[in-house]
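# Analysis of the macromolecular model
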Amino acid sequence: MIPLRDTITTRTVPFVTRLLVIVNVAVFLLELLQGEDLDAFVQTFAFVSDRFFRPELYGWTFGAAAFTILTSMFLHGGLLHLLGNMLFLWIFGDNVEDALGHGRYLVFYVTAGAGAMLLQAFLSSSSTVPNLGASGAIAGILGAYFVYYPRARVVTVIPLFILFPLIEVPAGLYLLGWFALQFWMGSAQLTRAGRAAASAGGVAFWAHVGGFVVGVAWALLFRPAREPAARYRI
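Reading the values: rules and limits
Residues numbered from 1 in each chain as written. Predicted model: local features only at pLDDT ≥ 70, side-chain atom pairs only at ≥ 80, totals over all residues. Heavy atoms only, no water. Pairing = 2+ DSSP bridges. Helix = DSSP H or I, 4+ residues; strand = E, 2+ residues; numbered from the N terminus. Axes fitted to C-alpha atoms, helices over the stretch in contact; angles between N-to-C directions. Contact = heavy atoms within 4.5 Å. Salt bridge = Lys/Arg side-chain N within 4 Å of Asp/Glu carboxyl O. Buried < 20%, exposed > 50% of the residue type's maximum accessible area, 1.4 Å probe, protein only. Phe/Tyr/Trp six-rings, centres within 6.5 Å; stacked < 30°, edge-to-face > 60°.

## Remarks on the sheet that holds strand β2 (residues 153–157)
Read across the open sheet, the three strands follow the order β1-β2-β3; overall the sheet is antiparallel. Strand pairing shows two members of the sheet lacking a second neighbour, β1 (2–6) and β3 (166–170), which therefore form its edges. Averaged over all pairs of adjacent strands, the angle between their axes in this sheet comes to 35°, without regard to strand direction. Across four bridges, β1 lies against β2 in antiparallel orientation. Bridge pairing in β2 places I2 opposite V157. Those strands touched by helix α5 (residues 79–100) are β1 and β2, and its axis lies near 30° from that of β1.

What follows is the structure, given as C-alpha coordinates:
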(Lines give C-alpha, C1' and ligand atoms only; values in the text may rest on other atoms or scores of the structure.)
Protein backbone atom coordinates (compact mmCIF):
# COMPACT_ATOMS: atom_id res chain seq x y z
CA MET A 1 0.00 0.00 0.00
CA ILE A 2 1.33 3.42 -0.97
CA PRO A 3 0.49 6.28 1.43
CA LEU A 4 -0.74 9.52 -0.11
CA ARG A 5 -1.51 11.66 2.94
CA ASP A 6 -2.65 11.52 6.55
CA THR A 7 -5.44 13.30 8.42
CA ILE A 8 -3.24 15.16 10.92
CA THR A 9 -2.52 18.86 10.58
CA THR A 10 0.53 20.50 12.17
CA ARG A 11 0.63 23.61 14.33
CA THR A 12 4.14 24.68 13.31
CA VAL A 13 5.91 24.95 9.98
CA PRO A 14 7.88 21.67 9.53
CA PHE A 15 10.97 23.42 8.19
CA VAL A 16 13.37 20.64 9.29
CA THR A 17 11.39 18.06 7.31
CA ARG A 18 11.40 20.39 4.31
CA LEU A 19 15.13 20.98 4.73
CA LEU A 20 15.78 17.23 4.84
CA VAL A 21 13.85 16.76 1.61
CA ILE A 22 15.84 19.55 -0.05
CA VAL A 23 19.17 18.14 1.11
CA ASN A 24 18.29 14.62 -0.06
CA VAL A 25 17.26 15.91 -3.48
CA ALA A 26 20.37 18.11 -3.73
CA VAL A 27 22.68 15.21 -2.90
CA PHE A 28 20.94 13.04 -5.48
CA LEU A 29 21.52 15.73 -8.10
CA LEU A 30 25.16 15.78 -7.01
CA GLU A 31 25.28 12.04 -7.60
CA LEU A 32 23.96 12.53 -11.12
CA LEU A 33 26.76 15.00 -11.83
CA GLN A 34 29.46 12.46 -10.98
CA GLY A 35 29.27 10.71 -14.34
CA GLU A 36 31.92 7.99 -14.57
CA ASP A 37 33.07 8.82 -11.03
CA LEU A 38 29.72 7.82 -9.50
CA ASP A 39 30.91 4.40 -8.29
CA ALA A 40 33.91 5.95 -6.52
CA PHE A 41 31.64 8.65 -5.03
CA VAL A 42 29.23 6.04 -3.66
CA GLN A 43 32.04 3.86 -2.31
CA THR A 44 33.46 6.87 -0.48
CA PHE A 45 30.29 8.18 1.14
CA ALA A 46 28.09 5.08 1.50
CA PHE A 47 28.32 2.83 4.55
CA VAL A 48 30.15 -0.47 4.11
CA SER A 49 29.85 -2.95 7.00
CA ASP A 50 33.20 -4.68 6.48
CA ARG A 51 35.00 -1.33 6.22
CA PHE A 52 33.32 -0.17 9.44
CA PHE A 53 34.52 -3.19 11.41
CA ARG A 54 37.93 -3.49 9.73
CA PRO A 55 38.82 0.00 8.51
CA GLU A 56 42.57 -0.68 8.54
CA LEU A 57 42.17 -3.14 5.67
CA TYR A 58 40.84 -0.30 3.52
CA GLY A 59 43.38 2.28 4.62
CA TRP A 60 40.67 4.13 6.56
CA THR A 61 40.45 5.28 10.16
CA PHE A 62 37.55 4.15 12.33
CA GLY A 63 36.33 7.74 12.59
CA ALA A 64 36.16 8.13 8.82
CA ALA A 65 34.32 4.82 8.46
CA ALA A 66 31.88 5.80 11.23
CA PHE A 67 31.23 9.17 9.57
CA THR A 68 29.76 7.37 6.57
CA ILE A 69 26.85 6.36 8.81
CA LEU A 70 25.76 9.99 8.46
CA THR A 71 26.71 10.63 4.84
CA SER A 72 25.05 7.42 3.65
CA MET A 73 21.66 8.67 4.90
CA PHE A 74 21.57 11.27 2.13
CA LEU A 75 22.55 9.03 -0.80
CA HIS A 76 20.08 7.14 -2.97
CA GLY A 77 20.42 4.39 -5.51
CA GLY A 78 18.01 5.80 -8.09
CA LEU A 79 15.08 8.12 -8.69
CA LEU A 80 12.44 5.68 -7.47
CA HIS A 81 14.46 5.03 -4.31
CA LEU A 82 14.60 8.78 -3.66
CA LEU A 83 10.93 9.45 -4.47
CA GLY A 84 9.69 6.59 -2.28
CA ASN A 85 11.70 7.77 0.70
CA MET A 86 10.74 11.41 0.26
CA LEU A 87 7.05 10.48 0.03
CA PHE A 88 7.15 8.78 3.43
CA LEU A 89 9.26 11.59 4.90
CA TRP A 90 6.84 14.25 3.64
CA ILE A 91 3.69 12.48 4.85
CA PHE A 92 4.83 11.37 8.30
CA GLY A 93 7.77 13.62 9.15
CA ASP A 94 5.91 16.90 9.68
CA ASN A 95 3.71 15.49 12.45
CA VAL A 96 6.63 13.91 14.31
CA GLU A 97 8.54 17.18 14.00
CA ASP A 98 5.50 19.00 15.39
CA ALA A 99 5.46 16.68 18.40
CA LEU A 100 9.19 16.68 19.13
CA GLY A 101 10.14 20.23 18.23
CA HIS A 102 12.55 21.17 15.49
CA GLY A 103 15.87 20.62 17.29
CA ARG A 104 15.01 17.33 18.93
CA TYR A 105 13.46 16.10 15.72
CA LEU A 106 16.71 16.59 13.83
CA VAL A 107 18.66 14.76 16.55
CA PHE A 108 16.04 12.02 16.52
CA TYR A 109 16.28 11.67 12.73
CA VAL A 110 20.05 11.18 12.80
CA THR A 111 19.85 8.85 15.81
CA ALA A 112 17.24 6.64 14.13
CA GLY A 113 19.28 6.53 10.93
CA ALA A 114 22.42 5.58 12.84
CA GLY A 115 20.62 2.86 14.81
CA ALA A 116 19.18 1.48 11.61
CA MET A 117 22.55 1.34 9.88
CA LEU A 118 24.27 -0.27 12.87
CA LEU A 119 21.70 -3.07 13.14
CA GLN A 120 22.12 -3.81 9.45
CA ALA A 121 25.90 -3.76 9.92
CA PHE A 122 25.92 -6.19 12.83
CA LEU A 123 23.75 -8.64 10.92
CA SER A 124 25.97 -8.43 7.81
CA SER A 125 29.33 -7.57 9.34
CA SER A 126 31.44 -8.95 6.48
CA SER A 127 29.40 -7.41 3.68
CA THR A 128 31.21 -5.16 1.21
CA VAL A 129 27.99 -3.92 -0.39
CA PRO A 130 27.50 -0.16 0.05
CA ASN A 131 24.48 0.74 2.19
CA LEU A 132 22.78 4.02 1.37
CA GLY A 133 19.47 5.80 1.66
CA ALA A 134 17.25 7.65 4.11
CA SER A 135 15.07 4.59 4.71
CA GLY A 136 16.43 3.82 8.18
CA ALA A 137 15.93 7.35 9.50
CA ILE A 138 12.46 7.52 7.94
CA ALA A 139 11.62 4.15 9.51
CA GLY A 140 12.39 5.84 12.84
CA ILE A 141 9.84 8.53 11.97
CA LEU A 142 7.29 5.81 11.26
CA GLY A 143 8.01 4.25 14.65
CA ALA A 144 7.46 7.54 16.47
CA TYR A 145 4.31 8.21 14.44
CA PHE A 146 3.05 4.75 15.44
CA VAL A 147 3.31 5.78 19.12
CA TYR A 148 2.06 9.38 18.82
CA TYR A 149 -0.73 9.04 16.26
CA PRO A 150 -1.99 5.43 16.23
CA ARG A 151 -5.59 6.41 15.47
CA ALA A 152 -4.89 8.95 12.76
CA ARG A 153 -6.11 7.96 9.33
CA VAL A 154 -3.79 7.31 6.42
CA VAL A 155 -5.14 7.69 2.89
CA THR A 156 -3.45 5.03 0.80
CA VAL A 157 -3.69 3.55 -2.67
CA ILE A 158 -3.80 -0.21 -3.21
CA PRO A 159 -2.54 -1.42 -6.62
CA LEU A 160 -4.98 -4.12 -7.83
CA PHE A 161 -4.03 -5.03 -11.38
CA ILE A 162 -5.43 -2.12 -13.41
CA LEU A 163 -7.38 -0.64 -10.48
CA PHE A 164 -5.94 1.71 -7.85
CA PRO A 165 -8.61 2.18 -5.15
CA LEU A 166 -8.10 4.74 -2.37
CA ILE A 167 -8.89 3.72 1.20
CA GLU A 168 -8.44 5.16 4.68
CA VAL A 169 -6.84 2.95 7.31
CA PRO A 170 -5.77 3.62 10.91
CA ALA A 171 -2.14 4.71 10.99
CA GLY A 172 -1.35 2.18 13.72
CA LEU A 173 -2.63 -0.69 11.58
CA TYR A 174 -0.86 0.56 8.46
CA LEU A 175 2.49 1.00 10.21
CA LEU A 176 2.24 -2.29 12.10
CA GLY A 177 1.67 -4.07 8.80
CA TRP A 178 4.62 -2.23 7.25
CA PHE A 179 6.88 -3.22 10.14
CA ALA A 180 5.76 -6.85 10.01
CA LEU A 181 6.59 -6.97 6.29
CA GLN A 182 10.08 -5.54 6.90
CA PHE A 183 10.72 -8.04 9.72
CA TRP A 184 9.54 -10.96 7.63
CA MET A 185 11.64 -9.96 4.62
CA GLY A 186 14.65 -9.33 6.84
CA SER A 187 14.26 -12.75 8.43
CA ALA A 188 14.22 -14.30 4.98
CA GLN A 189 17.57 -12.65 4.30
CA LEU A 190 19.05 -14.46 7.30
CA THR A 191 18.60 -17.81 5.59
CA ARG A 192 21.54 -19.20 3.64
CA ALA A 193 20.00 -18.31 0.28
CA GLY A 194 18.95 -14.94 1.62
CA ARG A 195 22.46 -14.16 2.84
CA ALA A 196 23.83 -14.93 -0.61
CA ALA A 197 21.24 -12.62 -2.16
CA ALA A 198 21.96 -9.89 0.37
CA SER A 199 25.67 -10.02 -0.40
CA ALA A 200 24.84 -9.05 -3.96
CA GLY A 201 22.78 -6.02 -2.87
CA GLY A 202 19.10 -5.31 -2.46
CA VAL A 203 16.88 -3.79 0.21
CA ALA A 204 18.35 -3.45 3.71
CA PHE A 205 15.26 -4.67 5.55
CA TRP A 206 16.99 -4.88 8.92
CA ALA A 207 17.86 -1.21 8.66
CA HIS A 208 14.13 -0.54 8.38
CA VAL A 209 13.46 -2.74 11.41
CA GLY A 210 16.23 -1.07 13.42
CA GLY A 211 15.07 2.43 12.57
CA PHE A 212 11.45 1.65 13.46
CA VAL A 213 12.46 0.18 16.83
CA VAL A 214 14.60 3.22 17.62
CA GLY A 215 11.67 5.46 16.73
CA VAL A 216 9.27 3.57 18.99
CA ALA A 217 11.80 3.51 21.86
CA TRP A 218 12.49 7.24 21.54
CA ALA A 219 8.78 8.08 21.53
CA LEU A 220 8.15 5.92 24.61
CA LEU A 221 11.18 7.10 26.60
CA PHE A 222 11.12 10.84 25.86
CA ARG A 223 8.09 13.04 26.28
CA PRO A 224 7.31 15.11 23.20
CA ALA A 225 8.07 18.83 23.29
CA ARG A 226 4.33 19.39 22.85
CA GLU A 227 1.51 16.90 23.27
CA PRO A 228 0.34 15.65 19.86
CA ALA A 229 -2.93 17.49 19.27
CA ALA A 230 -4.62 14.65 17.45
CA ARG A 231 -3.10 11.70 19.25
CA TYR A 232 -6.41 9.90 19.69
CA ARG A 233 -8.28 11.23 16.70
CA ILE A 234 -10.46 8.63 14.97
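Back to the write-up after that little detour.
## Comments concerning the pattern of salt bridges
If you walk through the whole model with that rule in mind, you get three salt bridges. When the shortest N-O distance is used, the salt bridge between D98 and R11 registers 3.4 Å. Taken together, the residues D98 in helix α5 and R11 in the loop between β1 and α1 (15–32) connect sequence positions 87 residues apart. With a relative accessible area of 43%, R11 lands in the partly exposed category. Close ionic contact of R153 with E168 constitutes a salt bridge, the shortest N to O distance being 3.8 Å. With R153 in strand β2 and E168 in strand β3, this residue pair connects regions lying 15 residues apart in the sequence. Judged by its relative accessible area of 25%, R153 falls in the partly exposed class. The partly exposed category is assigned to E168, whose relative accessible area is 42%.

## Observations concerning the environment of V147
With respect to the helices and strands, the residue V147 is situated in helix α7 (residues 135–148). Look at V147 and you get buried, because its relative accessible area is 13%. Remark: the alpha-carbon pair of V147 and A217, spanning 70 residues in sequence, is separated by 9.2 Å.

## Comments concerning the packing of aromatic side chains
A full pass over the atoms with the stated rule returns 16 aromatic pairs. Summarising the aromatic geometry, the rings of Y145 and Y149 are spaced 4.9 Å apart at their centres and angled 45° between planes, so their arrangement reads as tilted. Both residues of the pair, Y145 and Y149, count as buried. Between F179 and F183 the ring centres are 6.4 Å apart and the planes differ by 35°, which places this aromatic pair in the tilted class. Within this pair, F179 and its partner F183 are both found in helix α8 (residues 171–189), separated by four residues, close to a single helical turn.

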